[in-house]
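Observations on the model geometry
Now for the letters of each chain:
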Amino acid sequence: MMADEPLVLGIETSCDETGVGIVRGTTLLADAVASSVDTHARFGGVVPEIASRAHLEAMVPTIERALKTAGISARDLDGIAVTAGPGLAGALLVGVSAAKAYAYALNKPLYGVNHLASHICVDQLEHGPLPEPTMALLVSGGHSSLLLAPDITADVRPLGATIDDAAGEAFDKIARVLDLGFPGGPVIDRLAREGDPKAIAFPRGLTGSRDPLYDFSFSGLKTAVARWIEAKRKAGEEVPVRDVAASFQEAVVDVLTRKAVRACKDEGVDHLMIGGGVAANSRLRALAQERCERAGIRLRVPRPGLCTDNGAMVAALGAEMVARNRPASDLELSADSSLPVTEPHVPGEAHAQAHGHGHGHSHDHDHDHDHVHEVSKKNLYS
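Let me sum up the structure you'll find in this document. Source: prediction; values computed, not measured.

Re the environment of D78
Here D78 lies in the loop between helix 2 (48–70) and strand 4 (79–85). According to the relative accessible area criterion, D78 is partly exposed, its value standing at 36%. For the pair D78 and L9, spaced 69 residues apart in sequence, the C-alpha separation works out to 8.4 Å. Not counting residues within four places of it along the chain, the set of residues in contact with D78 comprises E5, P6, L7 and P109.

Take a look at the structure:
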């Protein structure tokens, strides 16, 4: 860790976890998380309004906890990064508003970054700088994507994505059918270890010769599993939960890893990075390692705690933005629930318009982070 590497605080509030991370360069100093998942479990899924309120209540304490863990003052920071999208609109707004307030009060540059690009960049905290280009398989409750990133701060290219349910969403829905609670991923992973993955031949979506090479579909699989379970129950037979969990899980990870390895071969990339919450799944990690080794591909997967949503991943991408002198966002930064992955970060409006890729917003003025109402900021953060 070098003292002159950028020191960045990252805020993540795209769904139900308030994450605050602090990194210096590619070194993780603090990773504080406040989760509201237990509250949502009563409803069988994330309730956006509850998530937003939980972020609001947890934000300042979580930031203070991260600063204390890192052993730094907020004034020591070189920048503030925040997830600008994609995600739940209300939840994103809480994080963006907090980041803008801290950036304004501290007179620090603000970086609105992309949630998916952050999931890729977090691997730098564990395995060092990303190769260029990086091939990434991102799998979570809301996303299943194959991405090629020649430059994680400026050039991320989608090769394929789910056309219906994401992998994590399918895990949650099957867990609900099996009465296993929410979230479904961890419990299915645990039960599958005691089941037979070959017990039931569940379908593999979009794997036919005429199907898109890199797109995913898990809706048909979800329906097939639910109908199989329903047929068993109607016949008065006991549902072999562990075998169902193992066979369902195998169908998901088989398709994910098969397509990811093929993309690496087709694009001539000798490594694969896997990120997102489902990347914590033990069978996905094992099968990916097995297939990558056979194909001569190096696998990079962060530890499970860095796969789920966290502030460290946002800080990691923010630090990379600072290190590469990417333009900061301005204080008119908005949350964008459908921010495309092709936009790793949201530059200030003046820069965006000058380079022909503005978001269509217009502002009467631009903020200069070095000269913004010094007296007002002193009052805001005293």
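Having seen the structure, we can now continue with the description.
A few points about the state of the cysteines
Cysteine pairs can be covalently joined through their sulfur atoms, and such a bond is termed a disulfide. Taken as a whole and judged by the stated rule, the model has zero disulfides. Free of any disulfide, C264 has its nearest neighbouring cysteine sulfur in C292, separated by 6.3 Å. Overall, C264 belongs to the buried group, its relative accessible area being 1%. Unpaired in this structure, C307 has its nearest cysteine sulfur neighbour in C121, at a distance of 14 Å. Residue C307 is classed as buried on the basis of its relative accessible area of 1%.

A few points about the pattern of salt bridges
Counted by the stated rule, this structure contains 21 salt bridges. Close ionic contact of E194 with R242 constitutes a salt bridge, the shortest N to O distance being 2.5 Å. In this pair, E194 sits in the loop between helix 7 (184–192) and helix 8 (219–234) while R242 sits in helix 9 (residues 241–267), placing the two residues 48 residues apart along the sequence. For E194, a relative accessible area of 54% translates into the label exposed. Using a relative accessible area of 40% as the deciding quantity, one classes R242 as partly exposed.

Concerning unusual backbone geometry
Each neighbour pair has its own omega, and for G85 with P86 the value is -10 degrees, a cis peptide bond. Tracing the backbone through its elements, the reader meets P86 in the loop between strand 4 and helix 3 (89–106). Residue F182 is joined to P183 through a cis peptide bond whose omega torsion reads 0 degrees. Tracing the sequence through the fold places P183 in the loop between helix 6 (167–177) and helix 7. Even without glycine at this site, N325 takes up a positive phi of about 55 degrees. With respect to the helices and strands, N325 occurs in the loop between helix 12 (311–323) and strand 11 (345–346).

Overview of the pairing of strand 3 (residues 27–35)
As defined by bridge partners, strand 2 (residues 17–24) adjoins strand 3 across eight bridges and the pair is classed as antiparallel. Across the sheet, the residue bridging to E17 is S35, located in strand 3. Linking two consecutive strands that pair antiparallel, namely strand 2 and strand 3, is a turn of two residues; a positive phi of about 65 degrees is found at G25 within it.

Brief notes about the sheet that holds strand 2
Ordered in space as 3-2-1-4-5-11, the six strands form an open sheet in which the pairing is mixed. Across the chains shown, the open sheet's two edge strands, defined by having one partner strand only, are strand 3 and strand 11. Packed on one face of the sheet, helix 3 meets strand 1 (7–12), strand 4 and strand 5 (110–114) and runs near 160 degrees to strand 4. Packing against the sheet, helix 12 makes contact with strand 1, strand 2, strand 3, strand 4, strand 5 and strand 11, and its axis sits at approximately 135 degrees to strand 1.

Topic: the packing of helix 7 against helix 9
As a packed pair, helix 7 and helix 9 sit with axes 8 Å apart at the nearest point and diverge in direction by 110 degrees. Relative to helix 9, the element helix 7 is oriented roughly perpendicular. Across the interface between the two elements, I188, D189, L191 and A192 of helix 7 pack against V241, R242, A245, A246, F248 and Q249 of helix 9.

Quick look at the packing of helix 9 against helix 10 (residues 282–295)
Here helix 9 crosses helix 10 at 35 degrees, and the two axes come no closer than 9 Å. Here helix 9 and helix 10 pass one another in a crossing that is right-handed. Contacts between helix 9 and helix 10 involve Q249, E250, V253, D254, L256, T257, R258, V261 and K265 from the first element and R283, L284, L287, A288, R291, C292 and A295 from the second.

The rules behind these values
Residues numbered from 1 in each chain as written. Predicted model: local features only at pLDDT ≥ 70, side-chain atom pairs only at ≥ 80, totals over all residues. Heavy atoms only, no water. Helix = DSSP H or I, 4+ residues; strand = E, 2+ residues; numbered from the N terminus. Buried < 20%, exposed > 50% of the residue type's maximum accessible area, 1.4 Å probe, protein only. Contact = heavy atoms within 4.5 Å. Disulfide = S-S within 2.5 Å. Salt bridge = Lys/Arg side-chain N within 4 Å of Asp/Glu carboxyl O. Pairing = 2+ DSSP bridges. Axes fitted to C-alpha atoms, helices over the stretch in contact; angles between N-to-C directions. Parallel < 35°, antiparallel > 145°, perpendicular 65-115°, else oblique. Left-handed = near helix turned anticlockwise from the far one by under 90°.

By themselves, these figures tell us nothing about what the structure is for.
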